[in-house]
Amino acid sequence: MIPSADHGPAHATESLARTIRRVTGLNPACCYQCGKCSAGCPMAEESLRPHDVMRMVNQGEVDRLLEGPAIWLCLTCETCTSRCPNGCDPARVMDALRELAIQRAPTTAPKPIRAFHRAFLNQIKASGRIHEFGLVAAFKMTGGPLFQDVASAPGMVARGKLPLVPHRIAGVADVRRIFERCSDPEETR
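Note that the structure is predicted; figures quoted are calculated from it, not measured. (Residues numbered from 1 in each chain as written. Predicted model: local features only at pLDDT ≥ 70, side-chain atom pairs only at ≥ 80, totals over all residues. Heavy atoms only, no water.)

How do you make sense of the overall build of the protein chain when you look at a structure like this?
Across its full length, the protein chain carries 11 helices and 0 strands. Partitioning the contacts of the protein chain with sequence separation of at least 6, the portion at a separation of at least 24 is 60%. For the protein chain, the accessible area works out to roughly 11,400 Å², and carbon and sulfur atoms hold 56% of it. Distance between charge centres in the protein chain, computed from 24 positive and 19 negative side chains, equals 4 Å. (Helix = DSSP H or I, 4+ residues; strand = E, 2+ residues; numbered from the N terminus. Contact = heavy atoms within 4.5 Å. Areas by Shrake-Rupley, 256 points an atom, 1.4 Å probe, with all protein chains shown as cover. Lys, Arg positive; Asp, Glu negative; His and termini not counted. Charge placed at Lys NZ, Arg CZ, Asp CG, Glu CD.)

Explanation requested: the packing of helix α8 (residues 111-127) against helix α11 (residues 172-183) in the structure shown.
Between α8 and α11, the least distance of the axes is 7 Å, while the angle of their chain directions is 135°. Judged by the inter-axis angle, α8 sits oblique to α11. For the pair α8 and α11, contact is made by Leu 121, Ile 124, Lys 125, Ala 126 and Ser 127 and by Val 172, Val 175, Arg 176 and Phe 179, respectively. Looking at the contact of α8 with α11 residue by residue, the class counts come to 6 nonpolar, 1 polar and 2 charged. (Axes fitted to C-alpha atoms, helices over the stretch in contact; angles between N-to-C directions. Parallel < 35°, antiparallel > 145°, perpendicular 65-115°, else oblique. Nonpolar A, V, L, I, M, F, W, Y, C, P; charged D, E, K, R; others polar.)

I keep staring at the packing of aromatic side chains and nothing clicks. Help me out?
Remark: the centre distance and the inter-plane angle together describe each pair of aromatic rings, the angle taken between the planes. Scanning all chains against the criterion turns up 2 aromatic pairs. Ring geometry for Phe 116 versus Phe 139: centroids 5.6 Å apart, planes at 85°, classification edge-to-face. Here Phe 116, found in helix α8, pairs with Phe 139, found in helix α9 (residues 132-141); they are 23 residues apart in sequence, far enough to count as distant. Residue classification places Phe 116 among the partly exposed residues on the basis of a relative accessible area of 38%. On the accessibility criterion, Phe 139 (15% relative accessible area) is buried. Here the aromatic cluster, defined as three or more aromatic residues joined through ring pairs, consists of Phe 116, Phe 120 and Phe 139. (Phe/Tyr/Trp six-rings, centres within 6.5 Å; stacked < 30°, edge-to-face > 60°. Buried < 20%, exposed > 50% of the residue type's maximum accessible area, 1.4 Å probe, protein only.)

What is the right way to read the side chain of Gln 123 from this model?
As for its placement among the helices and strands, Gln 123 is situated in helix α8. With residues up to four places along the chain from it excluded, the contact list for Gln 123 reads Gly 128, Arg 129, Ile 130, His 131, Gly 134 and Leu 135.

What is the right way to read the nonpolar core from this model?
The nonpolar side chains of a soluble globular protein tend to be buried, and buried together. Formed by 23 residues in total, the largest nonpolar core has its most connected members in Leu 16, Ile 20, Val 57, Leu 65, Val 93 and Leu 97. Of all the secondary-structure elements, those providing two or more residues to this core are α1 (16-24), α3 (50-59), α4 (62-67), α5 (70-73) and α7 (90-104). Considering each element in turn, this core owes the most residues, 6 residues, to α7. Listed in part, the 7 residues of the second largest apolar core include Ala 115, Ala 119, Ile 130 and Leu 135. (Core = buried A, V, L, I, M, F, W, Y, C linked by side-chain atoms within 4.5 Å.)

Is there a simple way to explain α7 in this structure?
Counting along an α-helix, one turn takes 3.6 residues, and residues three or four places apart therefore face a common direction. In this model, α7 (15 residues) spans 21 Å end to end at C-alpha, consistent with the 21 Å of a helix rising 1.5 Å per residue. For α7, the full list of buried residues reads Pro 90, Ala 91, Val 93, Met 94, Ala 96, Leu 97, Arg 98, Leu 100 and Ala 101. (Expected span 1.5 Å × (residues − 1).)

Explain a nonpolar patch on the surface here, please?
Together, Phe 133, Val 157, Leu 164 and Val 165 line one region of the surface with nonpolar side chains, adding up to about 360 Å² of accessible area. With respect to the helices and strands, Phe 133 occurs in helix α9. (Patch = residues over 30% accessible without salt bridge, like charges linked within 9 Å, V, L, I, M, F, W, Y side chains within 5 Å. Salt bridge = Lys/Arg side-chain N within 4 Å of Asp/Glu carboxyl O.)

Can you walk me through unusual backbone geometry in this structure?
Peptide bonds are trans in most cases, and residues, glycine excluded, mostly fall at negative phi. In the Ramachandran plot, Thr 76 falls in the positive-phi region, its phi being about 55° despite a non-glycine side chain. Structurally, Thr 76 is set in the loop between α5 and α6 (79-83). Within the chain, Asp 89 stands out as a residue other than glycine whose phi angle is a positive 55°. Along the polypeptide, Asp 89 turns up in the loop between α6 and α7. Given a relative accessible area of 17%, Asp 89 falls into the buried group.

Explain the pattern of salt bridges to me, please; I cannot follow it from the model alone.
Close approach of charged atoms allows side chains with opposite charge to pair. Applying the stated criterion across every chain, the model contains 8 salt bridges. Arg 64 is the salt-bridge partner of Glu 61, the closest N and O atoms lying 3.5 Å from each other. Residue classification places Glu 61 among the partly exposed residues on the basis of a relative accessible area of 24%. One salt bridge in this structure joins Glu 67 and Arg 104, with 3.4 Å as the shortest N-O distance. Taken together, the residues Glu 67 in helix α4 and Arg 104 in helix α7 connect sequence positions 37 residues apart. By relative accessible area, which is 30% here, Arg 104 ends up partly exposed. One continuous salt-bridge network, built from bridges that share partners, spans Arg 49, Asp 52 and Arg 55.

Now the structure itself:
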């Protein structure tokens, strides 16, 4: 259940920090605001810094986090996570916040971000890993900027950066089972 600012039913009053802990297994309260995560963040100047997001999680600023642009601007480069001396994993917290935002209001994320998110997960589900050409094609056809970057595609294909045929991993059936378990609410409890 996603925490609610209106504190409606009892199950909806779970704090944001507890929700993040339940969903990720991480304790956001371990963040002691050293700022090392933000010092290396390439997007720190664009929006909220990773340590600010962690503080806001602990303070329960649900609406500001889930409705603002910060969680969508995160590049998921995991620089913040690699720098954290306490193992707080801000990148994983950011992923959890994005999922909570989508659960709360499916159209919260900008259309290109939703399209990329869906295309990315579908690629993982299909072959167990990213197939770049398939990812780009699916993204462009479902909401990404259709003709942006099209001129660079032939050169990337020629250099082997966009293989036309996906490479499947041996455990693709296991990956699909993970997806099935994640989509079944009874299995995630």
